[in-house]
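Okay, here's what each chain looks like letter by letter:
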Amino acid sequence: MRRVKNIRTMENNSVKVIISNLQKTVKIPTGIRLLVRKCCNAALATENFVGDAEISVSFVDNAQIHSLNAEYRNKDVPTDVLSFPLGVEGNYDINPETGAKMLGDIVISMEKALEQAERYGHSLRREIGYLTVHSMLHLLGYDHEPGGLELVRMREKEEAVLSKLGLERDESYYVSEN
């Protein structure tokens, strides 16, 4: 099932978020689609993004994300989220029909999101919010892979956006070995 909704931001920009549920393993809770749209908008607002934007978000299962991770990242394991940016250094493809900047695709494993929410002791809503914001920052050019300052900057931005949405981090990010 694919749902499309345009949301006008305070700056009168239109943000089109195309959401597809491509899995049947985890039921998508009520309000998650709206949460994803809010996360996309909040990330764009925090980064002072100018103009209309389009983002695709797909919910998949572990097998599907495992396949994508192997194909595109040469990592033979399932992961929680993948980002496929369509822009480089702020230059994006433009949808010729709408004039919107096409930021890219976000793919979220609902199974992994549920596992991680349980492991970290927070809600599935918080986990999906985190994964969406994390991926939006990747679509906007952030990269935590090098570690160091880049990782710290990205984490700070993620938490700033999530705090604005009332999805603050709790102290349960570290799993005890006991």
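Parameters at a glance
Residues numbered from 1 in each chain as written. Predicted model: local features only at pLDDT ≥ 70, side-chain atom pairs only at ≥ 80, totals over all residues. Heavy atoms only, no water. Helix = DSSP H or I, 4+ residues; strand = E, 2+ residues; numbered from the N terminus. Contact = heavy atoms within 4.5 Å. Axes fitted to C-alpha atoms, helices over the stretch in contact; angles between N-to-C directions. Left-handed = near helix turned anticlockwise from the far one by under 90°. Buried < 20%, exposed > 50% of the residue type's maximum accessible area, 1.4 Å probe, protein only. Disulfide = S-S within 2.5 Å. Pairing = 2+ DSSP bridges. Right-handed = clockwise from strand over helix to strand, strands pointing away. Polar contact = N/O pair within 3.5 Å; in protein donor to acceptor, adjacent residues only side chain to side chain. Parallel < 35°, antiparallel > 145°, perpendicular 65-115°, else oblique. Nonpolar A, V, L, I, M, F, W, Y, C, P; charged D, E, K, R; others polar. Phe/Tyr/Trp six-rings, centres within 6.5 Å; stacked < 30°, edge-to-face > 60°. Lys NZ or Arg CZ within 6 Å of the ring centre and 35° of its normal.

Participant: Is there a simple way to think about the overall build of the protein chain in this case?
Facilitator: Counting its regular elements, the protein chain contains five helices and six strands. Ordered by position from the N terminus, the helices and strands of the protein chain form the series β-β-α-β-α-β-β-β-α-α-α. A separation threshold of at least 6 residues defines the contact pool for the protein chain, and within that pool the share at least 24 residues apart is 63%.

Participant: Would you take a moment to explain the packing of helix α1 (residues 32-46) against helix α4 (residues 124-139) for this structure?
Facilitator: Packed helices, taken two at a time, are described by the angle their axes make and the gap between the axes. As a packed pair, α1 and α4 sit with axes 9 Å apart at the nearest point and diverge in direction by 35°. α1 and α4 meet at a crossing whose hand is right-handed. Mapping the contact onto sequence places Ile32, Leu35, Val36, Cys39, Cys40, Ala43 and Leu44 in α1 and Arg125, Ile128, Gly129, Thr132, Val133 and Met136 in α4.

Participant: I'm lost on unusual backbone geometry in this one. Help?
Facilitator: Unlike most non-glycine residues, asparagine 48 shows phi in positive territory, near 55°. Examined against the element boundaries, asparagine 48 turns out to sit in the loop between α1 and β3 (53-60). Since its relative accessible area comes to 62%, asparagine 48 is described here as exposed. The backbone of glutamate 89 shows a phi angle near 50°, a positive value even though the residue is not glycine. Relative to the helices and strands, glutamate 89 resides in the loop between β4 (81-85) and β5 (93-94).

Participant: How should I be thinking about the state of the cysteines in this particular structure?
Facilitator: Under the criterion given, the structure shown has zero disulfides. This cysteine, cysteine 39, is not joined by any disulfide, and cysteine 40 carries the nearest cysteine sulfur, 7.0 Å off. You can call cysteine 39 buried: its relative accessible area is 0%.

Participant: I would appreciate a short explanation of the pairing of strand β2 (residues 14-21) in the present structure.
Facilitator: Each regular strand carries side chains that alternate between the two faces of the sheet. Extensive coverage of β2 is indicated by the burial of seven of its eight residues. In the sheet, β2 pairs with β3 via seven bridges, with the strands oriented parallel. Looking at β3, one finds that valine 15 is bridged to alanine 53. Taken together, β2, α1 and β3 form a β-α-β motif whose crossover is left-handed.

Participant: What should I look at first to understand the side chain of arginine 126 in this one?
Facilitator: The residue arginine 126 is located in helix α4 in this model. Separated by 2.2 Å, the side chain of arginine 126 and the backbone oxygen of leucine 167 make a polar contact.

Participant: Is there a simple way to think about the packing of α4 against helix α5 (residues 148-164) in this case?
Facilitator: Axis separation between α4 and α5 bottoms out at 10 Å; the angle between their running directions is 130°. In terms of orientation, α4 and α5 fall into the oblique class. Of the two elements, α4 crosses α5, and the hand of that crossing is right-handed. Here Arg126, Gly129, Tyr130, Val133, His134, Leu137 and His138 of α4 come into contact with α5, specifically with Met154, Arg155, Lys157, Glu158, Glu159, Val161 and Leu162. Here the contact of α4 with α5 is built from residues that sort into six nonpolar, three polar and five charged.

Participant: Quick question: what am I supposed to make of the packing of aromatic side chains here?
Facilitator: Given two aromatic rings, one states the distance between the centres and the angle between the planes to describe the pair. Considering all chains together, one arrives at two aromatic pairs under this definition. Geometrically, the ring pair formed by phenylalanine 49 and tyrosine 92 is edge-to-face, given 6.1 Å between the ring centres and 65° between the ring planes. With phenylalanine 49 in the loop between α1 and β3 and tyrosine 92 in the loop between β4 and β5, this residue pair connects regions lying 43 residues apart in the sequence. Of the two residues, phenylalanine 49 and tyrosine 92, both sit in the buried class. Where tyrosine 72 meets phenylalanine 84, the ring centres are 5.2 Å apart and the plane angle is 75°; that geometry is what we call edge-to-face. Placement of tyrosine 72 in helix α2 (residues 62-73) and of phenylalanine 84 in strand β4 is noted, with a sequence separation of twelve residues between them. Exposure remark for phenylalanine 84: the relative accessible area of 22% places this residue in the partly exposed category. Between the NZ or CZ atom of lysine 101 and the centre of the ring of phenylalanine 49, over which it lies, the distance is 5.0 Å. For arginine 119, the ring lying beneath its charged end belongs to tyrosine 120, and the centroid distance is 5.6 Å.

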